[in-house]
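Analysis of the macromolecular model
These are the residues of each chain, in order.
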Amino acid sequence: MKRVLPWIIPVLILLFWQWGASWGWISARTLPAPLDVLKAFVRLVKSGELMDHMQVSFERASIGFAIGGGIGFLLGLVNGMFPVASRLLDSTVQMIRNIPHLALIPLVILWFGVGEEAKIFLVALGVMFPIYINTYHGIRQVDGSYIEMAKVYGLNTWELFWHVILPGALPSIFVGLRFALGFMWLTLIVAETIAANAGIGYMAMNAREFMQTDVVVLGILLYALLGKGADVIAHLLEKSLLKWHPNFQKGGA
Amino acid sequence: MVTFQMENIHKSFENHGLSRKVITGIDLEVQAGEFVAIVGRSGCGKSTLLRLVAGLEQIDEGQLKFHHGDEKNNGIRVMFQDSRLLPWRKVWQNVALGLKKDGKSKAEQVLEEVGLTPWKEDWPLVLSGGQRQRVALARALVHEPGLLLLDEPLGALDALTRIEMQQLIERIWQQRHFTALLVTHDVAEAIALADRIILIDEGKIKLDVAVNLSRPRKRGSSAFAELEAKILNELLGLEEETRSPQHLQPVAGIS
């Protein structure tokens, strides 16, 4: 019963939606029936179109994430470990962070056109800051008494980083990772919807031109699914790396 | 084994532009294999003294000389009041911290010694306070230190666990032969463990007494109680004349 309970309302909504559409209460122009969305999914999978679009979107997301996340993580490490670096860099990074990266879209299109670079650049910019801030603060908030202990116990700088500072910062880094994944999909959706010639966003916008509401809804659902998938992976990673953390012990969340 | 010698040590801390003198001229010599306890009120500078020996604070004035004995057993390790176990390392991994080779087997051996073998694969967060301090003790012992500095290691434990831990520390000290410096606010603990008790007040040594009781020491014995009363009176600043046995009992019972 406990496992069924959370699913009752979503299933009911889906059922009413299907009935409403098939009885003609909801016009297909407003919202297609769930079954039609499913049919569109099957059709596009068969033609191979869907896989192509998904692959393009996935590549953009992962390359952008790798670049932006990598830069953010490294900056966070350097600034967290060396006060001189944080003095030099942190306020500049904070200033850039305050520019909403999506506001740069017109400029980015001027720089890169509608090619892949534009999308990757935007995604990288979007994921960089959450990773940076949480890595930086994660390192800064590592308990000083652990560091003192490590010095008494003869750990060298590398061991101190690897055994004490990085694991201590990891819970915070994961918070950044999950925020960044959210930003990654959001940025990608906006970028693909505005200017693209392939990808899930393009597929949905293209379908709009032909009034194919089923494909539009399918695109939205795919984004939701990919977002959820990324979050699940992050959560699993967290669970295996933060086994020691009270939140992940048996009986915890 | 490691021994050390302090000559006219001074230490003060700067805080909001104010300089506060914590240690004002301490001379102390600790022999090889000796167990020395430092007692005093909170804020008397006893922990600072230990941190100076550990190298965690810099000496302002005076000299601190170490004499390292043989090749083996010449390290200095600290056991802190808060166990400072890394929560992301299992019990045995915490013990093996900083070991270059044979970490696991050495750690297991010491964990056996402190009676924690069944918990070696657990995370520190699931242990009780007493167990955590045992792990912290094992972590210090695994390096075979020549000098073990104990900074109120049992201060946060309940009375019963505390006595158990004192017995454990005494047993291990007798077996392993290292020099030990214990900082505590518990006079009974100091008498139970130490060869010599140093009382510090306002940054100076006020009393330096040898404890000539045979081990293991019985807390109920009259010699124990007498010494405890003497040190407590010194601590509380009571005059010799005002002392009487009727006064003493409740005061001694506080500790």
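In short, a report on the structure. All values reported here derive from a predicted model rather than from experimental measurement.

Tallying secondary structure elements over chain B gives 8 helices and 9 strands in all. A compact globule built from 255 residues should have a C-alpha radius of gyration of about 18 Å, and chain B, at 19 Å, falls within 12% of that. Seen through its principal axes, chain B has C-alpha atoms that stretch 60 × 45 × 40 Å. Counting only residues that meet the buried cut, chain B has 38% of its 255 residues in that class. Pairs at least 24 apart in sequence give 70% of the contacts found in chain B among residues at least 6 apart.

For the rest of this paragraph, the subject is the pairing of strand β5 (residues 76-79) of chain B. All names here are of chain B. Burial along β5 is two-sided: I76 and V78 facing one way and R77 and M79 facing the other are all buried. One ladder, built from 4 bridges, connects β5 with strand β6 (residues 147-151); its direction is parallel. From the neighbouring strand, R77 faces β6, where its bridge partner is L148.

Here we take up unusual backbone geometry. All names here are of chain B. Cis geometry marks the peptide bond from R215 to P216, where omega comes out at -10°. Mapped onto the secondary structure, P216 falls in the loop between β9 (204-210) and α7 (222-236). Residues other than glycine seldom take positive phi values, yet E152 does so here, at roughly 40°. The topology assignment puts E152 in the loop between β6 and α5 (159-176). C-beta crowding within 10 Å serves as the criterion here: with 20 such atoms nearby, E152 is assigned to the buried category.

Judged by nonpolar contacts, the single largest core of 119 residues is most densely connected at A:M184, B:I38, B:V95, B:A138, B:L181, B:L182 and B:I197. Per-element tally for this core: the top contributor is helix α6 (residues 116-140) of chain A, with 15 residues.

Right, let's talk about helix α4 (residues 129-141) of chain B for a bit. All names here are of chain B. Between its terminal C-alpha atoms α4 stretches 18 Å, which fits the 18 Å expected from 13 residues at 1.5 Å a residue. When we look at burial in α4, the residues that qualify are Q131, R132, Q133, R134, V135, A136, L137, A138, R139, A140 and L141. Where the residues of α4 are buried, they touch β5, α2 (91-95), α3 (103-113), β6 and α5.

Taken together, the buried positions of helix α7 (residues 144-152) of chain A are A:M149, A:A150 and A:V152. The buried residues of α7(A) occupy one face: seen down the axis, they fall within an arc of 160°. On the buried face of α7(A), the contacting elements are α8 (157-194) of chain A together with α1 (46-54) and β5 of chain B. Positive phi appears at A:G154, one or two residues downstream of α7(A), with a value of about 75°.

Parameters and conventions
Residues numbered from 1 in each chain as written. Chains lettered and ligands numbered in written order. Predicted model: local features only at pLDDT ≥ 70, side-chain atom pairs only at ≥ 80, totals over all residues. Helix = DSSP H or I, 4+ residues; strand = E, 2+ residues; numbered from the N terminus. Rg over C-alpha atoms; globule rule 2.2 N^0.38 Å. Buried ≥ 20, exposed ≤ 12 C-beta atoms within 10 Å, placed from the backbone. Contact = placed C-beta atoms within 7 Å. Pairing = 2+ DSSP bridges. Core = buried A, V, L, I, M, F, W, Y, C linked by C-beta atoms within 7 Å. Expected span 1.5 Å × (residues − 1). Arc of directions from axis to C-beta.

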